[in-house]
Amino acid sequence: TQTVSQSDAHVTVFEGDSVELRCNYSYGGSIYLSWYIQHHGRGLQFLLKYYSGNPVVQGVNGFEAEFSKSDSSFHLRKASVHWSDSAVYFCAVSADYGNEKITFGAGTKLTIKP
Amino acid sequence: GGIITQTPKFLIGQEGQKLTLKCQQNFNHDTMYWYRQDSGKGLRLIYYSITENDLQKGDLSEGYDASREKKSSFSLTVTSAQKNEMAVFLCASSMNTGQLYFGEGSKLTVL
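Note that the structure is predicted; figures quoted are calculated from it, not measured.

The rules behind each value
Residues numbered from 1 in each chain as written. Chains lettered and ligands numbered in written order. Predicted model: local features only at pLDDT ≥ 70, side-chain atom pairs only at ≥ 80, totals over all residues. Heavy atoms only, no water. Helix = DSSP H or I, 4+ residues; strand = E, 2+ residues; numbered from the N terminus. Rg over C-alpha atoms; globule rule 2.2 N^0.38 Å. Buried < 20%, exposed > 50% of the residue type's maximum accessible area, 1.4 Å probe, protein only. Contact = heavy atoms within 4.5 Å. Buried area = accessible area lost by both parts, 1.4 Å probe. Salt bridge = Lys/Arg side-chain N within 4 Å of Asp/Glu carboxyl O. Core = buried A, V, L, I, M, F, W, Y, C linked by side-chain atoms within 4.5 Å. Pairing = 2+ DSSP bridges. Axes fitted to C-alpha atoms, helices over the stretch in contact; angles between N-to-C directions. Disulfide = S-S within 2.5 Å. Phe/Tyr/Trp six-rings, centres within 6.5 Å; stacked < 30°, edge-to-face > 60°.

A tally of helices and strands in chain A yields zero helices and 12 strands. Against the globule reference of 13 Å for 114 residues, chain A gives a C-alpha radius of gyration of 13 Å, in line with a compact fold. Along the first, second and third principal axes, the C-alpha set of chain A runs to 45 × 30 × 20 Å. Sorting the 114 residues of chain A into buried and exposed places 46% on the buried side.

The next thing to look at is the interface of chain A and chain B. Taken together, the 19 residues of chain A in the interface contact 20 residues of chain B. Summed over both partners, the interface of chain A with chain B comes to about 1700 Å²; 52% of that surface belongs to carbon and sulfur atoms. Where chain A meets chain B, there are two salt bridges. Among the ionic pairs, lysine 101 of chain A bridges to aspartate 59 of chain B, the shortest N-O distance being 3.1 Å. Looking at the side of chain A that touches chain B, the elements with two or more residues in it are strand S5 (32-38) and strand S6 (44-50) of chain A. In terms of residues, the side of chain A that touches chain B owes the most to one element, S5 of chain A, which gives four residues.

Residues Trp35, Leu47, Leu48, Phe74, Leu76 and Tyr89 of chain A are the most contacted members of the largest nonpolar core, which totals 27 residues. Elements with a minimum of two residues in this core: strand S2 (10-14), strand S3 (19-21), S5, S6, strand S8 (64-68), strand S9 (73-78), strand S10 (87-94) and strand S12 (108-113) of chain A. Contacts of leucine 76 of chain A, omitting those with residues within four sequence positions, involve Val19, Glu20, Leu21, Trp35, Leu47, Leu48, Phe63, Glu64, Ala65 and Tyr89 of chain A. Within the second largest apolar cluster, 20 residues are counted, among which are Leu19, Leu21, Tyr47 and Val78 of chain B.

Looking now at the pairing of strand S7 (residues 64-70) of chain B. Residue and element names in this part refer to chain B. Relative to strand S8 (residues 73-78), S7 runs antiparallel, the two sharing five bridges. Bridge pairing in S8 places serine 67 opposite serine 75. Joining the antiparallel neighbours S7 and S8 is a turn of two residues.

All names here are of chain B. Pairing is antiparallel across the open sheet formed by four strands, whose spatial order is S1-S3-S8-S7. Each edge of the open sheet carries a strand with a single partner, namely strand S1 (4-7) and S7. The mean angle between the axes of side-by-side strands here comes to 15°, regardless of whether they run parallel or antiparallel. Where S1 meets strand S3 (residues 19-25), four bridges bridge the pair, whose relative direction is antiparallel. In the sheet register, threonine 5 faces S3, and the bridge partner there is glutamine 24.

Inspection of the entire model under this criterion finds two disulfides over all chains. Each sulfur in the disulfide pair cysteine 23 of chain A and cysteine 91 of chain A lies 1.9 Å from the other. Taking the torsion about the sulfur-sulfur bond, which here is approximately -65°, the covalent link between cysteine 23 of chain A and cysteine 91 of chain A counts as left-handed. Of this pair, cysteine 23 of chain A sits in the loop between S3 and strand S4 (24-26) while cysteine 91 of chain A is found in strand S10, placing the two residues 68 residues apart along the sequence. By relative accessible area, which is 0% here, cysteine 91 of chain A ends up buried. Each disulfide pairs two cysteine sulfurs, and for cysteine 23 of chain B the partner residue is cysteine 91 of chain B, the sulfurs being separated by 1.9 Å. Because the torsion about its S-S bond is -80°, the bridge between cysteine 23 of chain B and cysteine 91 of chain B counts as left-handed. Residue cysteine 23 of chain B is found in strand S3, and its partner cysteine 91 of chain B is found in strand S9 (residues 86-94); the two are separated by 68 residues along the sequence. Of the two residues, cysteine 23 of chain B and cysteine 91 of chain B, both sit in the buried class.

Turning to the packing of aromatic side chains, a few remarks are in order. Summed over all chains, the structure comprises 15 aromatic pairs over all chains. Ring geometry for phenylalanine 104 of chain A and tyrosine 35 of chain B: centres 5.2 Å apart, planes at 85°, overall edge-to-face. Separated into two different chains, phenylalanine 104 of chain A in strand S11 (residues 103-104) and tyrosine 35 of chain B in strand S4 (residues 31-37) make up a pair that spans both. Assigned by exposure class, phenylalanine 104 of chain A and tyrosine 35 of chain B land together as buried. With centroids separated by 4.7 Å and ring planes inclined at 40°, the aromatic side chains of phenylalanine 27 of chain B and tyrosine 101 of chain B adopt a geometry described as tilted. In this pair, phenylalanine 27 of chain B is assigned in the loop between S3 and S4 and tyrosine 101 of chain B in strand S10 (residues 101-102), connecting sequence segments 74 residues apart. Given the relative accessible area of 33%, tyrosine 101 of chain B is considered partly exposed.

Encoded structure:
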């Protein structure tokens, strides 16, 4: 069974700061990882995903994430945040490519101060 | 582009009532999902379906039924609503690439 944990429930930074949102997973085999964003009162929107290849993947709006097998992590980063990045961010995992059961973390609420 | 439509957007029911949520997608995706999101919390998988007439239980299937009679639609039934229950139910679909497309959610309130 795959599990995913997001250790920070809340993160607050100033506009223009860099930010890293943490995600750790546990599963013994190949892993399929992704990040989603949820603005208040809306559904989730896909940001980026990783299955194999270059461990650093680029997503929309300047987000990137780095996969680390040794740390069992897939942290999300942005070099310079904008006020519109305020949202809840979810990390998700599925056990294999094409495995349809997708498990989400508890989410990290990112607040951007002006 | 496609869209996922969830109806109703708001659902108010009475304790013990059977309540049904509907989801339609026009992406022609194979797999559809129902997740429950409690206020300020993450998503918990209730049911998913990898093709028409298929049903797979998630981690939170007790108290729910689901139906996938057509590829484009996936319905979820709360078999007996619990008093003071409040949650948002999110429908999603995927072409099995690990990328989900979500609807806007259906908010349930039980009086």
